[in-house]
Amino acid sequence: MKIYTKIHLISLIKCLMLLMMIMVVDSIQPPFSCDPTSPPSSSPYPFCNVSLPISRRANDVVSRLTLDEKVLQLVNGAPAIPRLGISAYEWWSEALHGVSRHGKGVRFNGTVTASTMFPQVILTAASFDSRLWYQIGQAIGREARAMYNEGQAKGLTFWAPNINVLRDPRWGRGQETPGEDPLVVGDYSVSYVRGIQGDSFEGGKIDPNSDQLQASACCKHFIANDLDNWKNATRYNFDANITQQDLADTYLPPFQRCVQQGRASGIMCAYNRVNGLPNCADYNLLTKTARDAWGFKGYIASDCDAVAIMHDVQGYSKVPEDAVASVLKAGMDVNCGSYLKKYTKSAVEQKKLTEAEIDRALENLFTVRMRLGLFDGNPKTGIYGSLGTDQVCSKEHQDLALEAARNGIVLLKNSAGLLPLSKTETASIAVIGPNANVTQTLLGNYEGEACRNVTVLQAIQNYVKNTQFHQGCVDFVNCTAIAVDDAVRVAKAVDRVILVMGLDQSQEREKLDRVDLGLPGKQAALVSAVARAAKKPVTLVLVCGGPVDVSFAKDDAKIGSILWAGYPGEAGGIALAEIIFGDHNPGGRLPMTWYPKEFANVPMTDMRMRPDPSTGYPGRTYRFYTGKTVFEFGYGLSYSTHSYKFVSRIPNEIHLGSNQVSPSRYMPLSAMATGLCEKAEFTVVVGVENHGRAGNHTVLLFARRDDTKSSGHFIKQLAGFRRVSLGDREKGEVEFVVKPCEHFGRANKEGLMVLEEGSWSLVVGDQEYNIHIVL
């Protein structure tokens, strides 16, 4: 009887505990302001009145704050204001390629324990597929809003995308970017921002003055933040010396597009100085350029502790109050960190800053929170209220992560058609290397908790039952020692060998740049030894964000194929196996130049894009670089071959101007007659024929200047890219809109965009079409 009673008592306790857990879960609500069911908002203030314009509501809430309350709202962890019914808010959340565990706004210890981890951005960019980029942003936005609705987020402002152009291959954060081409980087930013914020793919669905955002995106790092820690230079102390010419046609354009076309609601100003001036204290950059010239409507955040380093590291500000005053006067709104909380009030008391200048910042901040629907009552009753746990790690999103990995992976070498391997004739296989049996490495940085974790090894085991594994490197990716004899023995015993090598976050990450471009430690020696011992040519898979010089493998006949997989996300292992065994035809293209090892002799601190023949400086990126490459920007093979043909009528001459120009034969675009640039635009139709297997294929259209003597001109630059899906031996067509003023234009030394008279070529594959510009 006692046992019976004890068992029932335990069962009763368990039931009560379960009931309490259910009640707790049900009671969890997302943070919000203006709750109509509880005082003081039961008699709403004007800032709670949803029928009023947001600008008036934001002005009203700021007018009701004391100076002490205002100061506390200027940092990322903004506290609640109970007397006004205003909830706390966390500005710092991350969502670079999925809702991230980094930042302070999101937690994974509730009903949601994971989020979809898409490929790291550099690999997603290799798909050259704007619609895919949009779909990824859309999925991230839905998962972010769902987690907020579930009470597992304290904010909806996500500090992504990173749209600094990948200027140097050693940059530890190059993996976070869409690559080195300003057009691609800008297009990626527009697609991602529209997706995450809830806009349509074409844009224009959301009114930046009123309509609610699904989540808020942030264009970062404004500007020229592409060095983290190289030798004695860090992102905190670095003063980037940049010409007006390079600013105008490389560094600024992606941010302009992110703001003007993407309509991003956030910008992050970077740590570094540009030409002596800290970005967060640059009135010309933040206010005159972003807000006045580009029409930016949103908030500007500092990178974390960027205000503090102006005084503590850079010595730009003599006292802390000077730093606080300079950033708020420049147009910054919120400080990631605590500096503004500590020193803003004393800056006002010392008359270095006015309260009106604080109000300006606060109105921007409250406007964004209102645009997120967080002052309209419970968000679960709003237009995004239906988004819940079923949106996170959904099959649709996981399938999208797999598709992104498939379409980004780049085939760099495939001698004698080594790949794909036969699923029926491959009886045994060895998977060797430090990146073969890991999952965390596949995610890259700014990752979250992945919905699923599949290693490359596990994915290949699904194809070949007799799969052998050896790590090869004794101490993982740094590979200071190798178990050559054991690895060779494994390789000799099987039909085929896959080597999974490359980098990880111990080699490239935030706060860590590389000092050379080779594979770490003894990786190259391991690859060569295994290749020599294997029965047949081996496949080399490179898991890395930045490029590596693998010339030794490119030239080795025993290394039959090379695949670049970036950091391919949660489904990367599956995607690689599908490509290796022919279930998917690779079609990715490199979004960055792969330089030889010698490029490491070029100082990373040299910000010049254009070459200087007098000193032997080779320039940077495919647009200006004059040296040798391991693989070029846009390079990528397929299991098929494709041919191209210009099929539309293209003008031989384009007349722009009055034929009365200066002897230099160029004209500033600002001097063009109104509408002339738009009238000069024309459509180019390119026929594409697939001569082999079905698959997705990327078509790149370049504009090339035929007169290379022109001072400061690019060698060539991308004018457009399109992704096309073609069946076996199928033909198709893709359209490009060529904009002569944009695609043939360049910046002069004063930073003005100009167009030159002369001969040009449109280039796609081995096809060229000549066009003459007449001014």
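As shown above, the structure is provided for reference.
Remember, predicted model here, so these are calculated numbers, not experimental data.

Rules used throughout
Residues numbered from 1 in each chain as written. Predicted model: local features only at pLDDT ≥ 70, side-chain atom pairs only at ≥ 80, totals over all residues. Heavy atoms only, no water. Pairing = 2+ DSSP bridges. Helix = DSSP H or I, 4+ residues; strand = E, 2+ residues; numbered from the N terminus. Axes fitted to C-alpha atoms, helices over the stretch in contact; angles between N-to-C directions. Buried < 20%, exposed > 50% of the residue type's maximum accessible area, 1.4 Å probe, protein only. Contact = heavy atoms within 4.5 Å. Phe/Tyr/Trp six-rings, centres within 6.5 Å; stacked < 30°, edge-to-face > 60°. Lys NZ or Arg CZ within 6 Å of the ring centre and 35° of its normal.

**Student:** Mind laying out the sheet that holds strand β23 (residues 731–738), listing which residues take part and the relevant values?
**Tutor:** An order of β17-β20-β23 is seen for the three strands of this open sheet, with the pairing classed as antiparallel. At either end of the open sheet lies a strand with only one pairing partner, and these are β17 (642–646) and β23. With direction set aside, neighbouring strand axes in the sheet form an average angle of 25°.

**Student:** Would you mind going over the pairing of strand β26 (residues 758–764) in detail, with residue names and values included?
**Tutor:** Of all seven residues in β26, six are buried, a share of seventy percent or more. Two strands pair when backbone bridges link them, and β26 and strand β27 (residues 767–774) are joined in this way by seven bridges, in the antiparallel orientation. Residue pairing for β27: Trp760 is matched across the bridge by Ile771. In this structure, the hairpin formed by β26 and β27 is closed by a connection of two residues, where Gly765 is found at a positive phi of approximately 60°.

**Student:** Which residues make up the environment of Ala450, and what values go with them?
**Tutor:** With respect to the helices, strands and loops of the structure, Ala450 is situated in the loop between α15 (440–443) and α16 (456–461). Taking the relative accessible area as the measure of exposure, Ala450 reaches 14% and is therefore buried. For the pair formed by Ala450 and Val99, sequence separation is 351 residues and the distance between their alpha carbons is 9.6 Å. Leave out the neighbours within four places in its chain, and Ala450 touches Ala114, Ser115, Met117, Leu443 and Glu570.

**Student:** Quick one: what's the story with the packing of aromatic side chains, residue by residue and with numbers?
**Tutor:** Throughout the structure, instances matching the rule amount to 29 aromatic pairs. Considering the side-chain rings of Trp91 and Tyr299, the 4.8 Å spacing of their centres and the 50° angle between planes classify their relative orientation as tilted. Separated by 208 residues along the polypeptide, Trp91 in the loop between β2 (89–90) and α4 (121–125) and Tyr299 in strand β10 (residues 299–302) bring together distant segments of the chain. Here the two residues Trp91 and Tyr299 agree in accessibility, since each one is buried. On the basis of an interplanar angle of 5° and a centroid distance of 4.2 Å, the ring pair of Tyr622 and Phe633 is categorised as stacked. With a gap of 11 residues between them, Tyr622 in helix α21 (residues 621–624) and Phe633 in the loop between α21 and β17 connect regions that are remote in the sequence. One residue, Arg131, lies across the ring of Phe201, its end atom 4.0 Å from the ring centre. Just above the ring of Phe631 sits the side chain of Lys554; from NZ or CZ to the centre is 4.8 Å.

**Student:** Now, about unusual backbone geometry: what can you tell me, with residues and values included?
**Tutor:** Apart from glycine, the bulk of residues carry a negative phi angle, and the bulk of peptide bonds sit in the trans form. Put simply, Lys220 and His221 share a cis peptide bond, and its omega is 0°. Relative to the assigned elements, His221 resides in strand β3 (residues 218–222). For the bond from Leu419 to Pro420, the omega torsion is 5°, close enough to zero to count as cis. For Pro420, the location among the structural elements is in the loop between β11 (410–414) and β12 (428–432). Here Ala224, not a glycine, exhibits a phi torsion of approximately 60°, which is positive. Within the secondary structure layout, Ala224 lies in the loop between β3 and β4 (229–230). Despite not being glycine, Cys393 has its phi angle at roughly 60°, a positive value. Of note, Cys393 is situated in the loop between α13 (355–371) and α14 (395–408).

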